[in-house]
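Structure assessment
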Amino acid sequence: MLAATARSAAVVPILLALVSAAALAVFFVLVGHVLDAIVFRDALTGPVVTGLILLPLVAVACTLLSSRFSARATSATERRLRGLVLGHVFGLGVMRRPAAASGRLVSAATTDVEKASAYRAGFVGPIAGTMAGPVLVIVVIGLAVDVVSALWLAIAIPVIPLVVGGFQRAFRTVSGSYRRSTAMLSGAFLEAVQGLSTLVLHRAEGRTGRDLAARGEDNRRQVMRLLAVNQLLILVVDAAFSLGTLALAATLAVVRLLDGTLTPGTAVALVLLSTLLTGPADIVGQFFYIGATGRAAERGLSGVLAERPSLPAGSAVRVDRPSVGGLPIELDRVTAGYGDGAPALRDLSLSISAGEHVALVGPSGVGKSTVAALLSRHLLPESGAVRVGPLDTRDASGESVRSLIAVVDQQTTLFTGSIADNLRVAKSDATDAELVAAVDAAGLGADVARMPLGLDTPVGERGLSLSGGQAQRVAIARALLRDTPIVILDEPTSQVDLASEAAIIEALRTLSRDRTVITIAHRASAIRDVDRVIELGASS
Ligand code: ADP
Ligand code: MG
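Residues numbered from 1 in each chain as written. Chains lettered and ligands numbered in written order. Predicted model: local features only at pLDDT ≥ 70, side-chain atom pairs only at ≥ 80, totals over all residues. Heavy atoms only, no water.

Quick notes on the sheet that holds strand 6 (residues 405-408)
Strands sit in the order 6-9-10-3-11 across an open sheet of five strands; the sheet is parallel. Both edges of this open sheet fall to strand 6 and strand 11 (532-535), since each of them pairs with a single strand only. Geometrically, the sheet is characterised by an average inter-axis angle of 20° between neighbouring strands, direction not taken into account. Summarising the sheet, strand 6 and strand 9 (residues 486-490) pair through four bridges and their orientation is parallel. Among the inter-strand pairings, Ala406 is bridged to a residue of strand 9, identified as Val487. Contacting strand 3 (357-361), strand 6, strand 9 and strand 10 (516-521), helix 11 (residues 368-375) runs over the sheet at an angle of about 150° to strand 10. (Pairing = 2+ DSSP bridges. Helix = DSSP H or I, 4+ residues; strand = E, 2+ residues; numbered from the N terminus. Axes fitted to C-alpha atoms, helices over the stretch in contact; angles between N-to-C directions. Contact = heavy atoms within 4.5 Å.)

So this is what it looks like as structure tokens:
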């Protein structure tokens, strides 16, 4: 999957590098001709002059094209890889992840994607091109200058990959640990940002700040180690290889000039041509950081992409929803948990008929939200069956099941964007009239009317911040837009003030009409207007 990009992105830079190398090689051969022409007092021909002018331009054009191509290919690859990672993460399921795992995903979708793309699209091709160039130069030397010199210089070429290969193995552990430390750093930052108010309340922000600083320092040290090895490589490869090649070429030029094989012009051309052989040394040193971190990032991405979804896909089923009255729900001797220790629910049976309004109450941790997770197929039972309308959650896909259910959660997530954008999360093609109707029915009409831009008022991270009660009514409006036969309300008033509570209860009454409704609460007293109260924990 990751490798698919490499081929197309590599071919063009290789071709461009070859053309550029050929142009420069011929140019140097022509320079030799000019010298000989001067020494032997010959006239210069038209094609030689034209070549001297045009060939450098061709080489420069190829270099420019190649870097433009790499930049484009890199950003296209970045977009594609990020789409791949996000799509994969969305497919993994929504059950709770530890912050460390979330941090890993964040750094996979950002840093890893960036580095892997820079490596895949901006590195592999140019490197291969730069490696291939010298082969062509050797051929030109053999044809236009001297076969013996060409053979001697050909020995120098394989030295580079051997040296680099050795360094790479030494490098692997360093860049791997650098990547892990970066992922841990993002995890820690994510956790700190998410828990900021808790940290401040407990006056722990200083301690957490110091902890983060220490991790940052650790990360910095890893980068410095990586760069130190990088510097060393540039020094060793560049100096040794460039000087060695140049010395070899100069020696060959002198020896072959003295024994009469070469003319002064071709001898100079030979030395000039040898500078084209050191290209790989330059670029390998220069790009080494990208290569090492890129490969480490790719290993990280492969790890994330290898994670399997926690639930089997299930098959898509279309259910014709009833025009009125909701759908029945049944839990049949359900045992379910999160795979770590004792099950959260044990042998629970529940039967709720179409259109019934039921309250599910019980102390915190008894498994009420687990029932909601089972019904919305974020979780499958270990034994027993969960039936939502005509669907058994074991067989039907999550999307099919969730097309029947809307959940109003304890906490509402508002995304950066307008109120309208936040409502269209629930129904992307909703018309403005539908939005207004939903907002009115959710008891949010007056609030929106008071906002500066109405439905277009920005909210979320960079906009107006809504009160808990308003956010909750946005969630209710979303559920109204979804217009599903079943609604689950998970402690819908637990986070809001009393003034909002009345408005929310009114909005919930509207939402509940003609639907099957499960209201989750930890106290029976918070529940009104229900047909039946089911107590969890007492029996199960
Ligand atoms: P309630 O909503 O009644 O407070 P929950 O259904 O949220 O209870 O939780 C029931 C039990 O399952 C608790 O012990 C809780 O720690 C555990 N639990 C809930 N969600 C998860 C999860 N995503 N991963 C692991 N354990 C969980
Ligand atoms: Mg809960």
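Past the structure itself, the notes keep going.
Details of empty space enclosed by the protein
For the structure on display, the rule yields one cavity of 30 Å³ or more. What the largest cavity holds in volume is close to 70 Å³. Lining the largest cavity we find Ser107, Thr111, Asp112, Lys115, Tyr178, Arg179, Thr182, Ala183, Thr293 and Ala297. If you list the elements that add at least two residues to the lining of the largest cavity, you get helix 3 (99-122), helix 6 (159-194) and helix 10 (279-306). For the lining of the largest cavity, a count of residues per class yields three nonpolar, four polar and three charged. (1 Å grid on protein atoms, 1.4 Å probe; cavity = no way out; pocket = protein on both sides within 12 Å on 5 of 7 lines; lining within 4 Å. Points joined across faces, edges and corners; volume = space filled by probe spheres on them. Nonpolar A, V, L, I, M, F, W, Y, C, P; charged D, E, K, R; others polar.)

So, the UniProt feature "transmembrane region" (unreviewed entry) in the protein chain
The sites that carry the UniProt feature "transmembrane region" (unreviewed entry) are, in the present numbering, residues 12-35, 47-65, 123-145, 151-171, 232-255 and 267-290. Each end of residues 12-35 is marked by a C-alpha atom, and these two atoms are 35 Å apart; helix forms 100% of the span and strand 0%. The straight-line gap between the two end C-alpha atoms of residues 47-65 is 26 Å; of that span, 100% is helix and 0% is strand. (UniProt positions renumbered as here; feature names shortened; annotations may be inferred.)

Overview of unusual backbone geometry
At Arg377, a residue that is not glycine, the phi angle is positive and equals roughly 55°. Tracing the backbone shows Arg377 in the loop between helix 11 and strand 4 (383-388). Even without a glycine there, the phi angle at Asp483 is positive, about 55°. Along the chain, Asp483 turns up in the loop between helix 16 (468-482) and strand 9. Residue Asp483 is classed as partly exposed on the basis of its relative accessible area of 39%. (Buried < 20%, exposed > 50% of the residue type's maximum accessible area, 1.4 Å probe, protein only.)

So, a nonpolar patch on the surface
A surface patch of nonpolar side chains, amounting to about 460 Å² of accessible area, comprises Leu44, Val49, Ile53, Leu54 and Leu57. Positionally, Ile53 belongs in helix 2 (residues 46-91). For Ile53, a relative accessible area of 54% corresponds to the exposed category. (Patch = residues over 30% accessible without salt bridge, like charges linked within 9 Å, V, L, I, M, F, W, Y side chains within 5 Å. Areas by Shrake-Rupley, 256 points an atom, 1.4 Å probe, with all protein chains shown as cover. Salt bridge = Lys/Arg side-chain N within 4 Å of Asp/Glu carboxyl O.)

What to know about the site of ligand 1
Taken together, 13 residues are adjacent to ligand 1, and Gly365, Gly367, Lys368, Ser369 and Thr370 come closest. Contact between ligand 1 and Gly367: an oxygen atom at 3.0 Å from a main-chain N or O atom of the residue. Contacts to ligand 1 include Ser369, whose side-chain N or O atom sits 2.8 Å from an oxygen atom. Bound to the protein, ligand 1 loses 72% of the 560 Å² it would expose on its own. Class assignment of the residues belonging to the shell around ligand 1 gives a composition of five nonpolar, five polar and three charged. (Near = heavy atom within 4 Å. Polar contact = N/O pair within 3.5 Å; in protein donor to acceptor, adjacent residues only side chain to side chain.)

Brief notes about the sheet that holds strand 4
Strand order in this open sheet of four strands is 2-1-4-5, and the pairing throughout is antiparallel. Two strands bound the open sheet, and with one partner strand each, they are strand 2 (345-352) and strand 5 (391-392). In terms of strand pairing, strand 4 meets strand 5 through two bridges, oriented antiparallel. Paired with Arg387 across the bridge in strand 5 is Asp392. Seen against the sheet, helix 11 touches strand 1 (329-336), strand 2 and strand 4 and runs at an angle of roughly 115° to strand 1.

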